[in-house]
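Structural characterization, general
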Amino acid sequence: MKEAGGWLWRLSLANLLFLYGPIAVLIFFSFNASRLSATWQGWSLQWYRTLWANQALLAAAANSLWVATVSTLLALMLGVCLAVGLEGLSGRRQRQIEQAMLIPLVIPEVMMGVSLLLFFVLMQVPLSLTTVILGHALFNVPVVMIIVRARLRKLDPRLLEVAADLGASYWDALRHVTIPLLRPAILGAGLMAFTISLDDFIVTFFTAGPGATTLPLKVYSMIKSGMSPEINALSALFVISSMGLIGLSLLLQRR
Amino acid sequence: MVDQPTSIDIASLVKRHGATLAVDHVSLSVRRGEFFSLLGPSGAGKTSVLRMIAGFETPDEGTIRIDGRSMEAVPPNRRPVNLVFQSYALFPHLTVAENVAFGPRMQGAPRGEITSRVRVALDMVKLTSKEERLPAQLSGGEQQRVALARALVNRPAVLLLDEPLSALDQQLRQEMQVELKSIQERAGCTFVCVTHHQEEALTMSDRVAVMHQGRVLQIGSPQDLYESPTTAFVARFIGVSNELRGIVRRIDGDRALVQSPDLTGEIRIVLPIHTPVREGSAVTVLLRPERLRLSTEARGLSGEQSLAASVDKVLYSGSDRHYMVRLGERLVWNVRVPNDESGRNGLVRGNAIHVRWQVSDAVVLIE
């Protein structure tokens, strides 16, 4: 048993190294004074400074934040309604709707991107930041729904009976009991959706119109013209803020 | 008590869970201001009855009336009753005061009135000092009090309690039995309490309905149920009971002689008035352990019955000694003797003794 435990431990360590090694290297080289990514010439913050001066990059960052904020709010509204509404349905219909809602999580993102593009073209909706927001909301609704439902299932169903017993209508109970108790889960789901939206490339790539460049799209276009330490710095900021948001989200969900 | 108006009137209530009858034609009425208990083992259907009164379950047949008004199609939030859940189900995100204020708030009471009603309710359960705490910061007994206050603040016509004391430890449970009773007197409303704990039901209630397998077996005061059970189930469920099965051999006025295959002799019993016993009837004779006395004398006083026995086992419990005495090959009875003389050693295993009792103390059930 002990032998196997030791092995598993080493395997996990190797796994972690493989996962986080490249990210660590990337962050490390963002502080490199050299123009060339591969050689180390001492510590410097110059790439972060040039980043701050890059107008196009800042515009892309602003786009990303806008898209993430609006699509998260949209996904939260729809996802929370769905999660709460599903509770009231009978077992079979509940499962059917739930499974249908989970499909966006499992179909290849490229497929979703292409189908959204086709849909918008067909409906004659011009591609813009709005179409990106709709696309992001689409794949974030199931994320919100799953997180909120997990919390809902842990709620004591008697609390709603008590509320009814004390004279609360369905909506009263929702407003004064269910939603307040779901608050940590809703916040956690929001942060998760926000992060996913912020990081998304594929759906954004297909649904973004001219001028609607988000940060991941910008990074991609910068890489095409050659790897610069500026990208390292940008990515480092990205990784750290995403991890922070996810960490916060998990913390909220555990409460 | 008798001419008090009816608070709850239940007529042939039926609830099916699949093929089984969870509640089987239950009829009972609860008087206004009464402490009424539904007592029975788990699965007896008592909680179903309670939940139907509260409106969380719909009866398949039968009617429930509260203060004369039919409760059919009246949702839980419109019924003049409040339920205290077994798990208390306090709102974890609200303080004690906010929990208690929930009901009046939902009814749209003005702010000032809410505050004063919450104060009165918390005062009634003696919890005024903990207003700002969250439920998680309270002990089990305190949570129970909050649940009670949260229900009582609505001034319900009937307060329903589902196993109110089961989550408390033994010590606290006994304190709360007394407390609940006095809270009921202070609040002056009807209490209907579900419990599987016979001692709890007896100490707190004015009347008790014993339920078993969905049916009400007997309704009566605690004393009625203990002194004159009408079925062996009730006798066994409430307190400890010694039983003797036999056949009536001879009837002599209000006395009868019963012969049992478990005994060599016959025993004399007093027949309750109006019991349709004939010679040859099969009966079960019940005797409470504390009504039996142990004696070395074979001859008892007049009106006493005596049977030869031997001590099988002695259990010492402080205030009492419990003797298991053997009266026959297959017949062992339980005798409870108060430990009222210090230094007395009592009997030991193997002692030959006589079990004596007043013939009128025996309860007779016809099979």
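Residues numbered from 1 in each chain as written. Chains lettered and ligands numbered in written order. Predicted model: local features only at pLDDT ≥ 70, side-chain atom pairs only at ≥ 80, totals over all residues. Heavy atoms only, no water.

Right, let's talk about the packing of aromatic side chains for a bit. Taken as a whole and judged by the stated rule, the model has 17 aromatic pairs over all chains. Arranged with centres 5.2 Å apart and planes meeting at 85 degrees, the rings of Tyr170(A) and Trp171(A) form a pair that is edge-to-face. Relative to Phe237(B), the ring of Phe233(B) lies with its centre 5.6 Å away and its plane at 10 degrees, an arrangement referred to as stacked. Linking Phe233(B) with Phe237(B), this pair stays in helix H8 (residues 232–237), spanning four residues, or about one helical turn. Aromatic ring contacts, followed pair by pair, group Phe28(A), Phe29(A), Phe31(A), Trp40(A), Trp43(A) and Tyr48(A) into a single cluster. A cation over a ring is seen here: Arg10(A) above Trp7(A), with NZ or CZ 5.9 Å from the ring centre. The ring of Phe91(B) has Arg150(B) lying over it, and the distance from NZ or CZ to the ring centre is 4.9 Å. (Phe/Tyr/Trp six-rings, centres within 6.5 Å; stacked < 30°, edge-to-face > 60°. Helix = DSSP H or I, 4+ residues; strand = E, 2+ residues; numbered from the N terminus. Lys NZ or Arg CZ within 6 Å of the ring centre and 35° of its normal.)

Turning our attention to the layout of surface pockets. All names here are of chain A. Considering only enclosed or pocket space, the largest pocket measures out at about 450 Å³ in volume. Together, 20 residues line the largest pocket, and Glu87, Pro157, Leu160, Tyr170 and Thr178 are the ones closest to its centre. For the lining of the largest pocket, the secondary-structure elements that each account for two or more residues are helix H3 (55–87), helix H6 (129–154), helix H7 (157–165) and helix H8 (170–199). In terms of residue class, the lining of the largest pocket is built from twelve nonpolar, four polar and four charged. (1 Å grid on protein atoms, 1.4 Å probe; cavity = no way out; pocket = protein on both sides within 12 Å on 5 of 7 lines; lining within 4 Å. Points joined across faces, edges and corners; volume = space filled by probe spheres on them. Nonpolar A, V, L, I, M, F, W, Y, C, P; charged D, E, K, R; others polar.)

As a further point, take unusual backbone geometry. Residues and elements named next belong to chain B. For His25, which is not glycine, the phi torsion reads 45 degrees and is therefore positive. Inspection of the secondary structure puts His25 in strand S2 (residues 20–31). Residues other than glycine seldom take positive phi values, yet Tyr88 does so here, at roughly 70 degrees.

Glancing now at the nonpolar core. Ranked by size, the top nonpolar core spans 64 residues in total, and within it Ile10(B), Leu38(B), Ile53(B), Ile64(B), Phe91(B), Phe102(B) and Leu160(B) carry the most contacts. Take this core: its biggest share by element is ten residues, from H8(A). Not counting chain neighbours up to four residues away, the residues in contact with Phe91(B) comprise Leu159(A), Val162(A), Ala163(A), Leu166(A), Val177(A), Asn99(B), Phe102(B), Pro135(B) and Arg150(B). Within the second largest apolar cluster, 35 residues are counted, among which are Ala101(B), Ile114(B), Leu152(B) and Cys193(B). (Core = buried A, V, L, I, M, F, W, Y, C linked by side-chain atoms within 4.5 Å. Buried < 20%, exposed > 50% of the residue type's maximum accessible area, 1.4 Å probe, protein only. Contact = heavy atoms within 4.5 Å.)

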